[in-house]
Amino acid sequence: MHDDRTLVEARLKRVLTERIRPAVYPESVPLEVGVWHAPGEPVPVAEGLAAPREPIAVGTPWGPPWGTSWFTVSGTVPMEWTGKIVEAVLDLGFNPDKTGFQCEGLVYRPDGTPVKSLNPRQQWVRIAGPAEGGEEVRLHIEAASNPVILDYHPFLPTQLGDKETAGTEPLYRLARMDLAVFDKTVWDLVMDLEVLGELMQELPVEGARRWEILRAIERALDAVDLQNVNGTAAAARAELTGVLAAPAVPSAHRISAVGHAHIDSAWLWPLRETVRKVARTASNMTTLLEEDPDFVFAMSQAQQWAWLKEHRPEVWAKVVKAVATGRFVPAGGMWVESDTNMPGSEAMARQFVHGKRFFIDEFGVDNEEVWLPDTFGFAAGLPQIIKAAGSKRLLTQKISWSQTNTFPHHTFLWEGIDGTRIFTHFPPIDTYNASLRGGELAHAARNFKDKGVARHSLAPTGHGDGGGGTTREMVARAARVRDLEGSPTVTWETPAEFFDKAEAEYPNPPVWVGELYLELHRATLTSQAKTKQGNRRSEALLREAELWAATAAVRAGAGYPYEALDRLWKTVLLHQFHDILPGSSIAWVHREARRTYELVTEELNGIIGTAQRALAGEPSGGTLVFNGAPHARHGVPAGGAAPESPAAAVRAAPRPEGGFVLDDGLLKVEIDGRGLVVSAYDLRAGRETVAPGRAACLPQLHPDFPNKWDAWDVDEFYRNTVTDLTAADDVRLDGVTVVVERSFGVSSMVQRLTLAEGRLEIDTEVDWHETEKFLKLAFPLDVRADRYASESQYGHAFRPTHTNTSWEAAKFEACNHRFVHLEEPGWGVAMVTDSTYGHDVTRDVDEHGTTTTLRVSLLRAPRFPDPETDQGAHRFRHALVPGAEIGDAVREGHFINQPERRVPGSAPVEPLVTVDDDAVVVTAVKLADDGSGDVVVRFHESRGGRVRATLRPGFPVAEVVTTDLLERPTAEPERPGDGIAVALRPFELVTLRMKRA
């Protein structure tokens, strides 16, 4: 037989595009359209529905950036359409390739009932089927004219990312507003031909199945009368029945499709727009669930559910009804799909506390699956937190974006720093916006790395970010490939159903130990410094607010601010979303975040101040120092208050060669005439910290223009060019502080260096006006270390300092929380920070030995999506701690993040709890969330070893019980004796709940 394959395939493509698809709507009549353009921000639905309309014609421009227009369409079903399926086809001026990133609409019936969303791939609204001629049609559309930020030439600077700079010119042009007959038979023919045509393209040319499909398609095309597609579609479909009925082979890969719409809680739109995106998508999905009995939809992020409940009760009512069927599934158990690298220990725990509790309280659903498809890598401390929250499974997809190395598994056990293992799955379909097209399904089957021992994978299916979720076309594809020869099988299932099957078939999967590092988006550890500082400082204030409020409640009978703390935690957790905290959102988002953090700070300081005044007693001219850190300092116990102790004296003197010498009896630091640290001598150990011939505290400036993803990425070639900022405008002594002033480019820097108890404190102020530059602070250390520790949640993780393999080389920018620690046996050095996360560590060897260079990342200046990223004044605080063991690093990291507070008062405050071993770090002291008055204490082993310690409550305790993060008992209650004995494994996390006697 002659090979006419390409001829038939080309014929299919043209006939589908030019004849069959257009015949889906064979008849149409225009609708009348009226519009009201809402001034300013979006208005309540009732106001939008009631507002007066003005006529508007198809082809008219509408919609300034970030505006809202309320359209009303009306018409009458022609009498000759009686008995037919009728739909409204409503095109607001969509670009079919920008689903979720442009204008969107939500359709309402005249009574205000939400129907479904409008977007490029879902422009239809079912009116009737069968229709009655003469029926009146009236629909309202709440249309958002959101600008396209990530355009065809992506990453170009744009002013569209903030309403204050976006302008007022209309962005869209009304395209189609029609009533139309929907020919279901033709639509089904389109789906048949698409599924078979896409499957055929993925099958081997030498295989019989490909040719069987080709001949069936050829017969179907022969059966179509191109002048009468609607009259011949049924005959064409009949020619395809046989090839569509052939069952899949027993060894076929099995895909669990989960309806999904990944909606970033903020990104290229502000938070307020996400509220509406969620409402549109949820309306779509509840409608689709009603129409298809097999379809299952999962929605994560409790915050988004809470927005529906608060802002869109009419949509919420539909969602509640759908959840009751078991097919609209609360997923993930987190408040938002947060970043997991930068949130601190307690914040990461509270993501689960607040997320899971919302789903439990609202629906009685306590799911076990963590759903984080788009998060930019995963910290090594996360598995223990997942387990402590009562979950046991994780789904993500983002690691497939890694630039250098391909992850070796799709289903595996992920082991965290404490040894906890979590069953984890990466969908081999390599997208969290799957459409179930043939190419995607074939890729999933080919790509699946666990073939031979497992055959199940998951496909999150639907358009995200306002694209409306799963479409009826996707559902139709799933129906056709449920059991189809040559294709993986596809079944709609909940996340739990998938994981049950995956775990059952793969009881001994491989193990991956340590962080899941994303070899991409490394610059998100630095972009938008004020957002990151707001997060870190809010976390510290929340710890203090809970601690002192609980102490005041127990010690002084003060009221505990349950509602305020709950609200403030949720606000901070929201801003840990994986495009807010990482700094990859538009200017509007970060402008609002800065203001939000200011308000959070003000309110939390108010709570702290109220509690401390209740505890401090009468001023009587005295001052109490409140120590909110988890370690004693200056004679003040952790979590307590006492009179201030005098600080150790620091001596400052000129340096003969220029500059100054600082000495506090523990550390002697030499700062040269350039304002650089040329010596940091540990007087106790008799050991130099700075590498021979090198200078530390060295500002360095790099060009920073990544190949793409400007706010997200720093590419390794940035290191090829560096400018050492050694020139100083002034180096002077201010008391016992050395002040260094520098200017560079169009920016300036002031650093204040001083000693305190054996550490060099570095206060850096930068007035930053560079663009596409990366500012770092370098510390070349006289330390030979093959690895170093950086703090993660409830512990620390190790990373290599060398680049033996591509996996190690790819980690050229990494995350720390409060400290980075390097050591040789018997001596180490720590760098602690109050607000930065990004850093790098490199090593080199010369005639003096090994130099290990730690550099902290301060500022970047990408121009997309916020062209003014980080412009302006910034302040950072760091401290170099020579001679530090890992326990010292832990302690000093807490000290710099939890400053002492001085309050007028005369009554020392005893801590609510004390621990007799500093290796045990208490991260939370609070009252139980249920309002019972019980005291909850959370703590962990912090050094990576085993410890036996005694925890002593500072109040009478009737019973104590170990709980999970949600404060639910996991063991039988006990009556404490003289303290509570605890034996902890490395990094083990424990939560205790104490009932007051």
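To start, this report covers the structure provided alongside it.

Within the chain, the regular secondary structure consists of 19 helices and 52 strands. In summary, the chain has a C-alpha radius of gyration of 31 Å against a globular reference of 30 Å for 997 residues, a match within 12%. Scored against the burial criterion, the 997 residues of the chain give a buried share of 62%. A separation threshold of at least 6 residues defines the contact pool for the chain, and within that pool the share at least 24 residues apart is 75%. Approximately 35600 Å² of the chain is accessible, and the part contributed by carbon and sulfur atoms is 50%. If you average the places of the 106 positive and of the 139 negative side-chain charges in the chain, the two averages end up 1 Å apart.

Pairing in this open sheet of six strands is antiparallel, and the strands run β3-β2-β5-β10-β7-β8 from one edge to the other. Both outer strands of the open sheet, β3 (54-55) and β8 (114-118), are each paired with one neighbouring strand and no more. One ladder, built from ten bridges, connects strand β5 (residues 67-76) with strand β10 (residues 136-145); its direction is antiparallel. If you follow T76 over to β10, its bridge partner there is E136. In the packing of helix α7 (residues 271-291) onto the sheet, the strands contacted are β5, β7 (104-108), β8 and β10, and the crossing angle to β8 comes to about 110 degrees.

Before going further, it helps to spend a moment on the packing of aromatic side chains. Within this structure, the stated rule accounts for 37 aromatic pairs. One aromatic cluster is present, built from ring pairs that chain together F295, F297, W305, W316, F328, W335, F358, F359, F363 and W492. Its guanidinium or amino end placed over the ring of W124, R472 lies 3.6 Å from that ring's centre, counting from NZ or CZ. Its guanidinium or amino end placed over the ring of F798, R787 lies 3.6 Å from that ring's centre, counting from NZ or CZ.

This part is about the layout of surface pockets. Taken as a whole, the largest pocket holds about 780 Å³ of empty space. Lining the largest pocket are 26 residues, with R21, P120, R121, Q122 and E473 sitting closest to its centre. Mapped onto the lining of the largest pocket, the elements with two or more residues apiece are β6 (86-91), α3 (184-202) and α13 (472-480). The class makeup of the residues in the lining of the largest pocket is eleven nonpolar, five polar and ten charged.

Turning to its location among the elements, L118 is positioned in strand β8. Spatially, the C-alpha atoms of L118 and S28 are 19 Å apart, while their sequence positions differ by 90 residues. Once residues lying within four places of it in the same chain are set aside, the contact partners of L118 are L90, F94, E104, G105, V107, Q123, W124, V125 and I141.

So, on to empty space enclosed by the protein. A complete count under the given rule lists eight cavities of 30 Å³ or more for this structure. As a volume, the largest cavity reaches approximately 260 Å³. As for the largest cavity, its lining consists of 21 residues, and the residues nearest its centre are S345, E346, E539, A540 and R818. Elements with a minimum of two residues in the lining of the largest cavity: α10 (345-363), α15 (529-556), α19 (886-897) and β47 (920-927). Per element, the largest residue contribution to the lining of the largest cavity is six residues, and it comes from α15. For the lining of the largest cavity, the class distribution of residues is six nonpolar, seven polar and eight charged. When its volume is computed, the second largest cavity comes out at roughly 140 Å³.

To continue, consider the sheet that holds strand β12 (residues 176-181). Taken together, the four strands give an open sheet; going across it, the order is β1-β12-β6-β9, and neighbouring strands pair in antiparallel fashion. The open sheet has two edge strands, β1 (28-30) and β9 (124-128), and neither has a second partner. Strand-to-strand, the axes of this sheet are offset by a mean angle of 25 degrees, without reference to chain direction. As paired strands, β6 and β9 are joined by four bridges and run antiparallel to one another. Note on β9: the bridge partner recorded for A88 is V125.

Calculation criteria
The numbers attached to residues start from 1 for each chain and follow its sequence in the written order. Thresholds applied to this predicted model are a pLDDT of at least 70 for local features of residues and 80 or more for the giving and counting of side-chain atom pairs; totals over whole chains, interfaces and linings are not thresholded and use all residues. To obtain the side-chain values, all non-hydrogen atoms of the structure were included, while hydrogens and water were left out. Secondary structure elements follow DSSP: runs of H or I no shorter than four residues count as helices, runs of E no shorter than two count as strands, and numbering proceeds from the N terminus. Computation of the radius of gyration draws on C-alpha atoms alone. For the globule rule, the value is 2.2 Å times the number of residues to the power 0.38. Exposed residues in this analysis have more than 50% of their type's maximum accessible area, buried residues have under 20%, and partly exposed residues fall in between, with area computed by a 1.4 Å probe over protein chains only. Only heavy atoms matter for contacts: two residues are in contact if any of them lie within 4.5 Å across the pair. Using the Shrake-Rupley algorithm and a 1.4 Å probe, accessible areas are obtained, with residue cover drawn only from the displayed protein chains. Just so you know, the count uses Lys and Arg for positive and Asp and Glu for negative, and it drops His and the chain ends. Every charge is mapped onto a representative atom, which is NZ of Lys, CZ of Arg, CG of Asp or CD of Glu. In short, DSSP must find at least two bridges between two strands for them to pair. Every axis in this analysis is a line fitted to C-alpha atoms, fitted for helices over the stretch in contact. Angles between the N-to-C directions lie between 0 and 180 degrees. Centres within 6.5 Å are what make two rings of Phe, Tyr or Trp a pair, Trp counting through its six-membered ring; a difference in plane orientation under 30 degrees is then read as stacked, over 60 as edge-to-face, and the rest as tilted. We call a charge positioned over a ring when the NZ of a Lys or the CZ of an Arg lies within 6 Å of the ring centre and within 35 degrees of the ring normal. Both site types are read off a 1 Å grid over the protein atoms alone. A 1.4 Å probe that fits but cannot get out defines a cavity, while an open set with protein on both sides within 12 Å along at least five of seven lines defines a pocket; lining residues have an atom within 4 Å of a point. Grid points are joined across faces, edges and corners, and a volume is the space filled by probe spheres set on the points. The nonpolar class holds Ala, Val, Leu, Ile, Met, Phe, Trp, Tyr, Cys and Pro. Asp, Glu, Lys and Arg form the charged class, and all remaining residues, Gly among them, are polar.

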